[in-house]
Structure formats: C-alpha cells, structure tokens
Amino acid sequence: MTENTKKKSLHFIQSIIEEDIRNNKNNSKVHTRFPPEPNGYLHIGHAKSICLNFGLAKQYNGLCNLRFDDTNPVKEDVEYVDSIQEDIKWLGFDWEDRKYFASDYFEKLYEFAIILIKKGKAYVCEMSADEISANRGTPTQPGKKSPWRNRPVEENLNLFERMRKGEFEEGKYVLRAKIDMASPNMHMRDPAVYRIRNIEHHRTGNKWCIYPMYDWAHGLSDYIEKITHSLCTLEFEVHRPLYDWFLDQVIDTEYRPRQIEFARLNLSFTIMSKRKLLKLVEEKYVDGWDDPRMPTISGYRRRGYTPESIRKFADKIGVAKRDNVIDVALLEHSIREDLNKKVKRTMAVLNPLKIVIDNYPEGQTEELEAINNPEDESMGTRMIPFSKTIYIEKEDFMENAPKKFFRLAPGREVRLRYAYFITCTKVVKDENGNITELRASYDPASKGGKSPDGRKVKGTLHWVSAHEAIKAEIRLYDRLFLNENPEVAEEGKDFTSNINPHSLEKITGYLEPGLQNAQPESKYQFERIGYFCVDKDSTKEHLIFNRTITLRDSWAKIDKKK
RNA sequence: UGGGAUGUGGCCAAGUGGUAAGGCAUCGCCCUUUGGAGGCGACAUUCGCAGGUUCGAAUCCUGCCAUCCCAGCCA
C-alpha cells in the first residue's frame, strides 16, 4: 500500500473487509466477483462496481471473478457477453482464467434444490403466477399459504424431476421455498426458486427447461466460487435475509460468503436504466450502444474518455450507502485532468474566418515551431506552416468589442499562437453586411509569438494556414439531456422529451496538416477549444473527430453574465 | 398505518465523545504565447428537527420528520 492510500480513510466496505481479515474470517481471504447479467451493455454505473470489486481484490491481495448471471434466457444474448468482456478489459481489469457463468452451475444448483426439498423446505406449487401474486398479501397484510405447501417430500421430488424433464408447460408448476407467508419481508413469503421456461438458453441450449431464480442462483454461485464479499446495490438489501436463509439450507463448511450493499451511481444529466438505454438505441435516438452520447463504457470509449479517467472518477465518487446523484461535472473534470497531462496539442479552426496579412510576402510559406504539450516537455515540438492567408475562429473577432474581449477587433493587436503579432486593419463585408474576410498587418519581429520589445498583447489566438489546412468532419457532442434529472418530464411525456436536440452537431473543421494520418482512438487537444478523439470510422480520406469535452471557458462565463 | 435502509455546504464525502478532512462546482486574486493548465484565497459557528445524558455530542439516549427500497414465475 502506498503512502497515499494509507492516508485516505477507509470506506465502509474496506472497514468490513479489514475487520474480517483481523478476525481471520474465511481464512482472511478476499474474493469478490463482478456479476453482470448479459442483457445489455455496461454503463458508467457498472464501472463503479467493476472498479470496486476488482479494486478491492487487488488492494487486499485477493481475486475477483467475472461471473455472468445468466439465469433468465428470455432477456439474455451472446452479443452482450462479448461486449461486457471487452469493456472490462478496456477499463483495465483482468479476471484471468476466472470467467464463469451461473449457467455453468445449473446442475449443482439443481442438486442444492433437491436438498432443499428433502429438508421439507421447498414445495412444488400449482398456483398460477397471478394466484401466487394475489395470495402474497401486501406489505401490511400477511399472505395466504398455498394449498400445495404441505405436499409430501416424495411428491415434490417427483414433480420437480418431471419439471426438469420437460413434462409440463410453462407456468404449470413452480418450485417455491417454504419460509413464512406472514413475514414483513415480502421476499420471505415463499419465494419462487425454479420456474419452467421452454426457451433456448444462449449457453446451455435446450438442455434445461427449468431455470433458477436470481436469489437461488446468486448466493449459491457465490458459495460455489468461494466468494467472500458479495457486493451489490442497495435494492438488494431486502434480499439479504433470503440470501442468508438459502445459504443456511445448503452450507456445510465454515467458509461463508457475505452480501454487502452499496449505493449505485446516479449521474446528473444522465440516464442509467438499461431498459431506457435500450429504448434510446432501438428507437434510434442515438446511433447504437457505443454512440458517444451514451453513458455506456463503449460510448465513453468512442467519445474519447480514457480508462484511467473513469477509474479515477470511480475513486473520487466514493462508496457509501446513501442515495446520491453525482454531478456530471466531476466526470468531465476527470477526463480533462487526464487528457491535459497526456495529450498532444494541435490547432484546429472549426468556424473559419479568413484573414489576409497584407504586409506578408505573397506566396511565402514558413514552418514555425510549436510545443506539443506545455505540461510535458518530453512530448517535444512540431512544425506548422504559416502563410499570408490564414483562418481564425469567427468567435475570435468582434467588430464592436467590449474592453474585456481580449481577442481581435479593428485596430487591435493579438498574438497568433507560435506565429506573429497581427493587427486588424480592415473588415471586408459583402453586400449584405456580412463579414467575409479581415485584412491585417503583422510584425516580423514578433516571430514565434514573442514580443522582442516587451509589448504586451492580451489575446492569443489559434489559427491555421488556409492553403495547407486539411479538412475533417468534426462531431460536436454535448450532453444528451437538457435536464439535470432526465426522468422528470411533463405530464404524459417520458424522458425522451428531455433529449437535447443539439447533442450532436456535425461540421467541417480546418486542421493542421500534421493530423492527416491521425489514427482512430488517438486523442488531441484542439487548443483553446477542447479535447477531440479520432472516431473509429475515421479514414485518411475522410477524417472524423469526436469532441470529448470542451476546455473550461472562463470567457463564456463572463460573456454570459452580461 | 408493515419491514428494510439513509439523512454532514449546491453535488459527493471523511468523521466512530474532545470542539467539522478532502474533491467537484462557485466566487475573488496572481501567473500564463491556450480567457486552458497552474498557484493562492474565500466558501457549514454547524452535522434532518426537537429534547436529554455529559465538563464536552455530528458522534450516546428518546421522540419526531424527510427521502429511498420491497407485493416479478426480472436481475
């Protein structure tokens, strides 16, 4: 453990683990698992869980398994088991040879169920799903016992075996645990353990037609894998008595797994529900699960987020039991912080305004040296072409500029980054009064952007040489939702009514020629604009850059205030 | 009106009887060839509320209030 992590206070799960280690519980071993259901892509909320489970295992010299919780073939698919593995790896975690599936344990789980029946703790119930529901009672009223509750053990065994053999249609029978129909905890009112589903499973095919329920499969899978700390989210807190009850029925060792619940991640301006994310994909509000506006891990990857930034984020948000909504600004801060230190700078003009420098020699091009990353000298320098005609950003010129506008205006002098000081001498307009180009003069003595006489210029602009610049498609992504809480919609409308109509704007930008060979997934800072990542569909012939995040912009704040 | 949990600044989050860490956001100032980055400073007399115990309470006790979860043969 480093000095740093030592100083940092422990969160409640670390405290529990350390106490367990002190008490030599489970031989002081730490073994966690990340248990996704393969029914959707992983999102940033899963990233929190992944970082927690794999992180804890690493911190305490333990192991973390990957276990697909695939007990419901109705919703699951191999497409998802592939994407899930890719995303976990990309995040930087490794389950080594411990990739498991709950479906691998179906036989064992079935045997455990036989034990349960033999103990007289489970029975085959013939009530329909509706009847069971109607007889479960309410939180304030006890439920009614099933008429099949006292079926003899032999009969239960026989029926359960025939359920497995496929002798009955779906819904005809269900195996239920015999616990307590009057329990104030609804989950203890004779919960279903096995249901009949005549559906092909993505791994076991048609071998099974009965499938275990989550509560039965999860805890016992933990037991089979010798998991010590089974971490899950708060909504499973009320399942814990059942988790423990099931374990009590089959356990015959000193070792025992423990379920611990923590608060799931919620992010402002973001939707996290798998069902709703699926809707965004299926109804084409976005361009697939990896659309850069999606809060999926693959979406963030395509957007230009780094694994480090997401891990750092997960670390910063902490782990606790209270419901929370993390400000998305913290995520944005995490990626800026990471990219600032390691990404090359370049100049790109997204909204060009032509400037002709009258006193610069016609036809001349010179190469000027630019620093690749002021934060990291080892990243070196590059040469960029400069000539008589350049582009600057439209927003960097104002005809009637206020004093606080430190950029170009008639008669004002600014620095062109790594190039020269220029002064705007003339504004050229078309017949409609629109500015078509600017004329300027430059100071040859200021080459490199230095001021040999100590003269101060307040503004420094990025630019690109008009002739040498290359074009690229620029995709300007913004938050997908307008509201801090996208779930809050007007009467009769749903979260899709809160979608930001400007969450994607495609434009053509002008870049330094050095970017011609930029490879997919490579990342840059466009100086004074933001961080950009080459899209996976980008080619040399048609470059595509995705905006990951803008730079912080204090001018925008000043401008807004007025 | 049952059960389970949770309440510390705008958002997170430490704190576990000795007098409120840290991060994000926000606001100042400094610095700057990115209005970026960086640096410095400000930002809870108070911990859901009300009582009580104690020399001393965010921490212990009592009562109340608020929010979240639970009535799938989903996970």
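Calculation rules
Residues numbered from 1 in each chain as written. Chains lettered and ligands numbered in written order. Predicted model: local features only at pLDDT ≥ 70, side-chain atom pairs only at ≥ 80, totals over all residues. Heavy atoms only, no water. Near = heavy atom within 4 Å. Polar contact = N/O pair within 3.5 Å; in protein donor to acceptor, adjacent residues only side chain to side chain. Helix = DSSP H or I, 4+ residues; strand = E, 2+ residues; numbered from the N terminus. Nonpolar A, V, L, I, M, F, W, Y, C, P; charged D, E, K, R; others polar. Phe/Tyr/Trp six-rings, centres within 6.5 Å; stacked < 30°, edge-to-face > 60°. Buried < 20%, exposed > 50% of the residue type's maximum accessible area, 1.4 Å probe, protein only. Lys NZ or Arg CZ within 6 Å of the ring centre and 35° of its normal. Salt bridge = Lys/Arg side-chain N within 4 Å of Asp/Glu carboxyl O.

So, about the protein's contact with RNA strand B. V325, R345, G448, Q525 and S554 are the nearest of the 71 residues found near RNA strand B. Counted by atom, the contact set of RNA strand B within 4 Å of the protein is 68% sugar and phosphate. Here a sugar or linking oxygen of RNA strand B sits 2.8 Å away from a polar atom, N or O, in the side chain of E375. In this structure, Q525 approaches RNA strand B through a side-chain N or O atom, which is 2.5 Å from a base nitrogen. The element that contributes the greatest number of residues to the surface near RNA strand B is helix α14 (residues 554-561), accounting for five residues. Looking at the surface near RNA strand B residue by residue, the class counts come to 27 nonpolar, 19 polar and 25 charged.

What follows concerns the packing of aromatic side chains. Applying the stated criterion across every chain, the model contains 29 aromatic pairs. Plain terms: the ring middles of W216 and F246 are 4.9 Å apart, the flat faces sit at 85° to each other, and that makes the pair edge-to-face. Linking W216 in helix α8 (residues 214-224) with F246 in helix α9 (residues 240-250), this pair joins segments that are 30 residues apart in sequence. Each member of the pair W216 and F246 is classed as buried. Cluster of aromatic residues (ring-pair linked, three or more members): F106, Y110, F160, Y194, W208 and Y211. Over the face of the ring belonging to Y173 we find K172, whose NZ or CZ atom lies 5.4 Å from the ring centre. The cationic tip of K458 hangs over the ring face of F406; the distance from NZ or CZ to the ring centre is 4.8 Å.

Looking now at the pattern of salt bridges. Summed over all chains, the structure comprises 49 salt bridges. Ionic pairing is found between E170 and R197, a salt bridge with its closest N-O pair at 3.9 Å. Taken together, the positions of E170 in the loop between α7 (153-165) and β5 (174-177) and R197 in the loop between β6 (192-196) and β7 (210-212) put the pair 27 residues apart, joining distant regions of the chain. A salt bridge links D453 to R455; the nearest nitrogen and oxygen atoms lie 3.2 Å apart. With a relative accessible area of 53%, D453 lands in the exposed category. Residues joined by salt bridges that share partners form a network here, namely D290, R302, E473, R475, D535, K536 and D537.

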